[in-house]
Each structure stands twice: as structure tokens, then as C-alpha cells.
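Residue-level structure breakdown
The primary structure of each chain is shown beneath.
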Amino acid sequence: MSKVAVVFWSGTGNTAAMASAVEAGAKDKGAEVSVFGPDEFSPDKVAGFDGIAFGCPAMGSEVLEESSFEPMFAAVEGALSGKKIALFGSYGWGDGQWMRDWEDRCNAAGASLVCDSVIVNSAPGEDSLEECKSLGAALA
Ligand SMILES: Cc1cc2nc3c(=O)[nH]c(=O)nc-3n(C[C@H](O)[C@H](O)[C@H](O)COP(=O)(O)O)c2cc1C
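Report on the accompanying structure. (Residues numbered from 1 in each chain as written. Predicted model: local features only at pLDDT ≥ 70, side-chain atom pairs only at ≥ 80, totals over all residues. Heavy atoms only, no water.)

**Observations concerning the overall build of the protein chain**
From N to C terminus, the protein chain includes five helices and six strands. The order of α-helices and β-strands along the protein chain, N terminus first, is β-α-β-α-β-α-β-α-β-β-α. The C-alpha radius of gyration of the protein chain comes to 13 Å, within 12% of the 14 Å expected for a compact globule of 140 residues. Taken along its principal axes, the extent of the C-alpha atoms in the protein chain is 40 × 30 × 25 Å. Long-range contacts, defined as pairs at least 24 residues apart, comprise 76% of the intrachain contacts of the protein chain with a sequence gap of at least 6. With an accessible surface of roughly 6300 Å², the protein chain has 47% of that area assigned to carbon and sulfur atoms. Side chains of the protein chain give 9 positive and 21 negative charges; the mean places of these two sets differ by 9 Å. (Helix = DSSP H or I, 4+ residues; strand = E, 2+ residues; numbered from the N terminus. Rg over C-alpha atoms; globule rule 2.2 N^0.38 Å. Contact = heavy atoms within 4.5 Å. Areas by Shrake-Rupley, 256 points an atom, 1.4 Å probe, with all protein chains shown as cover. Lys, Arg positive; Asp, Glu negative; His and termini not counted. Charge placed at Lys NZ, Arg CZ, Asp CG, Glu CD.)

**What about the packing of aromatic side chains?**
Per the stated rule, a full pass over the model turns up nine aromatic pairs. On the numbers, 6.2 Å between centres and 80° between planes, the contact of Phe 41 with Phe 54 is edge-to-face. Within this pair, whereas Phe 41 is found in the loop between strand E2 (32–36) and helix H2 (43–46), its partner Phe 54 is found in strand E3 (residues 51–55), the two being separated by 13 residues in sequence. Take Phe 41 and Phe 54: they sit in the same class, and that class is buried. Here Phe 69 and Phe 73 contribute two aromatic rings whose centre-to-centre distance is 6.3 Å and whose plane-to-plane angle is 10°, an arrangement assigned as stacked. In this pair, Phe 69 and Phe 73 are both assigned in helix H3 (residues 69–76), four residues apart and thus about one turn of the helix distant. Across the pair, Phe 73 and Phe 69 agree in class, each one buried. (Phe/Tyr/Trp six-rings, centres within 6.5 Å; stacked < 30°, edge-to-face > 60°. Buried < 20%, exposed > 50% of the residue type's maximum accessible area, 1.4 Å probe, protein only.)

**Some remarks on the pairing of strand E1 (residues 3–8)**
Taken across its six residues, E1 has five buried, putting it largely inside the fold. For the crossover that starts at E1, traverses helix H1 (residues 14–28) and ends in the parallel E2, the hand is right-handed. Here E1 runs beside E3; their pairing, made up of five bridges, is parallel. Along E3, the bridge assignment pairs Phe 8 with Gly 55. (Right-handed = clockwise from strand over helix to strand, strands pointing away. Pairing = 2+ DSSP bridges.)

**Considerations on the site of the ligand**
The local shell around the ligand holds 18 residues, among which Ser 10, Gly 11, Thr 12, Ala 58 and Ser 90 are the closest. Take Gly 11: an N or O atom from its main chain is 2.7 Å from an oxygen atom of the ligand. Between the ligand and Gly 94 there is a distance of 2.7 Å, counted from an oxygen atom to a backbone nitrogen or oxygen. In isolation the ligand offers 640 Å² of accessible surface; the protein chains occlude 78% of this area. Elements supplying a minimum of two residues to the shell around the ligand: H1 and strand E4 (84–91). (Near = heavy atom within 4 Å. Polar contact = N/O pair within 3.5 Å; in protein donor to acceptor, adjacent residues only side chain to side chain.)

**What to know about the packing of H1 against helix H5 (residues 126–139)**
At a closest axis distance of 6 Å, the pairing of H1 and H5 adopts a crossing angle of 45°. The angle between the axes of H1 and H5 places the two elements in the oblique class. Here H1 and H5 pass one another in a crossing that is right-handed. Residues Ala 17, Met 18, Ala 21, Val 22, Ala 24, Gly 25 and Ala 26 of H1 form the contact with H5, whose participating residues are Leu 129, Cys 132, Lys 133, Leu 135, Gly 136 and Ala 137. (Axes fitted to C-alpha atoms, helices over the stretch in contact; angles between N-to-C directions. Parallel < 35°, antiparallel > 145°, perpendicular 65-115°, else oblique. Left-handed = near helix turned anticlockwise from the far one by under 90°.)

**Topic: a negative patch on the surface**
A grouping of Asp 116, Glu 126, Asp 127 and Glu 131 is seen on the molecular surface, where their side chains present a negatively charged patch. By the element assignment, Glu 126 lies in helix H5. (Patch = residues over 30% accessible without salt bridge, like charges linked within 9 Å, V, L, I, M, F, W, Y side chains within 5 Å. Salt bridge = Lys/Arg side-chain N within 4 Å of Asp/Glu carboxyl O.)

Given below as C-alpha cells:
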């Protein structure tokens, strides 16, 4: 059974709803899934998972949430070389720049993005939740 981690931050629940669908998609594929808030995840945990889904909305000015998610991710990214990962998150008024920058960071770290990132404007609808399930399945 593969082990999948879902590590996310959400202020108003949109990315949290996406994370639940990612979790469900990975579980449907038979993975053992662990869900973490940013304060609960750290570089030493990376090796314990076959795949990791990271979720964070666009915050600040097209950046990751700065007080907890960004410090966690900055600490973890050096441990992501060769690791299967996938990214997801909600956004508001932007055009997804935060996600393009985040993907660039992951590629530079040598991580293996297993599928297209899922970005959703505001709250995810049914189609978006299905995309999140597929993202979870791709990691499983
Ligand atoms: C402080 C703050 C900064 C934000 N900055 C951006 C931004 O730079 N670009 C964007 O598209 N949306 C931005 N948003 C909108 C959020 O990404 C959007 O509301 C998203 O759905 C929040 O997801 P959540 O419910 O998981 O917290 C910002 C929201 C807040 C509260």
C-alpha cells in the first residue's frame, strides 16, 4: 500500500475542500493517507511517504501563505528531490501566477510533479473536486 501525505493550509476553507477531495482520491486508489497542517510537517517526514500533495491558496501578492505554509515549504523543498508530488490551491483575483512560481520552485528542487496542478477560483465546484480526486489518485 502506498503512503500519501496531504499537506495544506486554508484560511476560508476553499483549499481545505480541495484537500478533502485529494485525500478521497488517493484513498479510493488504496493509498494510506495522512493529512497535515503546515505546522505538523517537516523535512524528516518526507522520506516516509511515496507521494505528497501540497495545497495552499494564493496569498499576499501571488505568494504562498507567509506565516506558516511558506516557512514549512522552504524547509521541506530541499528534501523533495526525486519525490512524487502534486500541487493544488484556490485563488481569487489573480491569474494563477503563484502556482506557476510554485511549480518552478518544485522543478528546481528536482521534485517530480506527477500531474498538472489543480487551481480553482474561489470555492471548488463538482468538476474541480473531481480534478482534485484525480490528483490524489495520481499520487497513490
Ligand atoms: C490576504 C489575502 C491575500 C490574497 N492574495 C491573493 C493573490 O495574490 N492572488 C489571488 O489570486 N488571490 C489572492 N487572495 C484570494 C485567495 O487566494 C482566495 O480567497 C482563496 O479562495 C482562499 O483560499 P482558502 O479558502 O483556502 O483560504 C488573497 C486572499 C487574502 C485573504
